[in-house]
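# Breakdown of the fold
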Amino acid sequence: MGILTFGLNVTLDGCVDHQVGIADDETHAFFTRLMDEAGAMLWGRVTYEMMESSWPAVARGDEDAPPALREWAVKLDAKPKYVVSSTRTDFPWSNSHQIAGDLRIGVQELKDATPDGILLGSGQLATELDRLELIDEYKFLVHPRIAGHGPTLYQSGLPSTRRLELVSAKPLHNGVVTMHYRRVH
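Here's what I pulled together on the structure shown here. Predicted, not measured: the structure shown is a model, and the values here were computed from it. Throughout, residues of each chain are indexed from 1 in the direction in which the sequence is written. In keeping with the model being predicted, local features are shown solely for residues with a pLDDT of at least 70 and side-chain atom pairs are shown and tallied solely at 80 or more, while totals for entire chains, interfaces and linings include all residues. Side-chain numbers here rest on the full set of heavy atoms in the structure, without hydrogens or water.

## A closer look at the overall build of the protein
Here a strand is any run of E in DSSP of at least two residues, a helix any run of H or I of at least four, and the numbering for each starts at the N terminus. When you go through the protein residue by residue, the secondary structure sums to 6 helices and 8 strands. Reading the helices (α) and strands (β) of the protein from amino to carboxyl end gives β-α-β-α-α-α-β-β-α-β-α-β-β-β. Throughout, radius of gyration means the C-alpha value; the globule benchmark is 2.2 Å times the number of residues raised to the power 0.38. Radius of gyration (C-alpha) of the protein: 16 Å, near the 16 Å computed for a compact globule of 185 residues. By principal-axis analysis of the C-alpha atoms, the protein measures approximately 45 × 40 × 30 Å. Residue burial in the protein is summarised as follows: out of 185 residues, 44% are buried. Residue burial considers only the protein chains on display, and all accessible areas are found by Shrake-Rupley using a 1.4 Å probe. On the protein, roughly 9,600 Å² of surface is accessible, and the fraction owed to carbon and sulfur atoms is 52%. One way to put it: in the protein the 18 positive side-chain charges average out to a point 4 Å from where the 25 negative ones average out. The cut-offs for exposure are 20% and 50% of the maximum accessible area for each residue type, with area from a 1.4 Å probe on protein chains only; residues under the lower value are buried, those over the upper are exposed, and the others partly exposed. Think of it this way: Lys and Arg go in the positive column, Asp and Glu in the negative one, and His and the chain ends go nowhere. The atom standing in for a charge is NZ when the residue is Lys, CZ when it is Arg, CG when it is Asp and CD when it is Glu.

## Quick look at the side chain of D136
By secondary structure assignment, the location of D136 is in the loop between α6 (123-131) and β6 (137-143). Overall, the relative accessible area of 15% leaves D136 in the buried class. Any pair of N or O atoms that falls within 3.5 Å is considered a polar contact. Within protein, one atom must be able to donate a hydrogen and the other to accept it, and sequence-neighbouring residues count only if both atoms are side-chain atoms. Within polar-contact distance, the side chain of D136 engages the backbone nitrogen of L4 at 2.7 Å. Here K111 takes part through its side chain, which lies 2.9 Å from a polar atom of the side chain of D136. Residues count as neighbours in contact if any of their non-hydrogen atoms are within 4.5 Å of one another. Ignoring sequence-local partners within four residues, the contact set of D136 consists of G2, I3, L4, K111, R182, R183 and H185.

## So, the packing of aromatic side chains
The aromatic pairing rule takes the rings of Phe, Tyr and Trp, using the six-membered ring of Trp, and pairs them if the centres are within 6.5 Å, calling planes under 30 degrees apart stacked, those over 60 edge-to-face and the rest tilted. According to the stated counting rule, one finds 9 aromatic pairs in the structure shown. Consider the rings of F30 and F31, whose centres lie 5.2 Å apart with planes at 85 degrees: the pair is edge-to-face. For the pair formed by F30 and F31, the shared burial category is buried. Taken together, a centroid distance of 5.9 Å and an interplanar angle of 70 degrees make the contact between W55 and W72 edge-to-face.

## Some points on the pattern of salt bridges
Salt bridges are counted wherever a side-chain nitrogen of Lys or Arg sits within 4 Å of a carboxyl oxygen of Asp or Glu. By the definition in use, this model includes 14 salt bridges. Here R162 and D130 are joined by a salt bridge, their closest N and O atoms 3.0 Å apart. Taken together, the positions of R162 in the loop between β6 and β7 (164-171) and D130 in helix α6 put the pair 32 residues apart, joining distant regions of the chain. This pair shows no difference in class: R162 is buried, exactly as D130 is. Between E133 and R183 there is a salt bridge; the shortest N-O distance is 3.9 Å.

## Quick word on the environment of S122
Inspection of the secondary structure assignment puts S122 in the loop between β5 (118-120) and α6. Taking the C-alpha atoms as reference, S122 lies 8.4 Å from V46; in sequence the two are 76 residues apart. Those residues within four positions of S122 in sequence are excluded, and the remaining contacts are F6, L42, W43, G44 and T47.

In structure tokens, the structure reads:
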């Protein structure tokens, strides 16, 4: 059985707006490594649609992009992508699949079928999966920024505090700190 890892950018005040963090080669390399290590990606519909709106065109070469971003896009295009959605059923981006019905069962079946693990990259979906106690690890890039606005990590709350153990923490040259935690059961 594979593990479910929640990976996301977050500011010091908890903002998870993808536009407020530092987007450079170091942060990009971190997420490329996470994607390379995972057997599949898992997103909610909103995140999927945001990713779908740009990355397939970059992978095809329809949009100009630096070589590192093109490489990311090509890898992402090939990676199995699973989308939790009750409102959309058509996912034309290559290797995209819907998870519908019971969330706990669908995600547990995906974990069971993906020995290399799954990388979760959607904040709202993470809240729901954490409520179901399905997230095993957390890998965050903590940016040296105070956004002063939302959306924020777990803004809709959890029923109880999650205890985590630190696996590693590493500062990057740009001031971002990589944080790897494992859930304490």
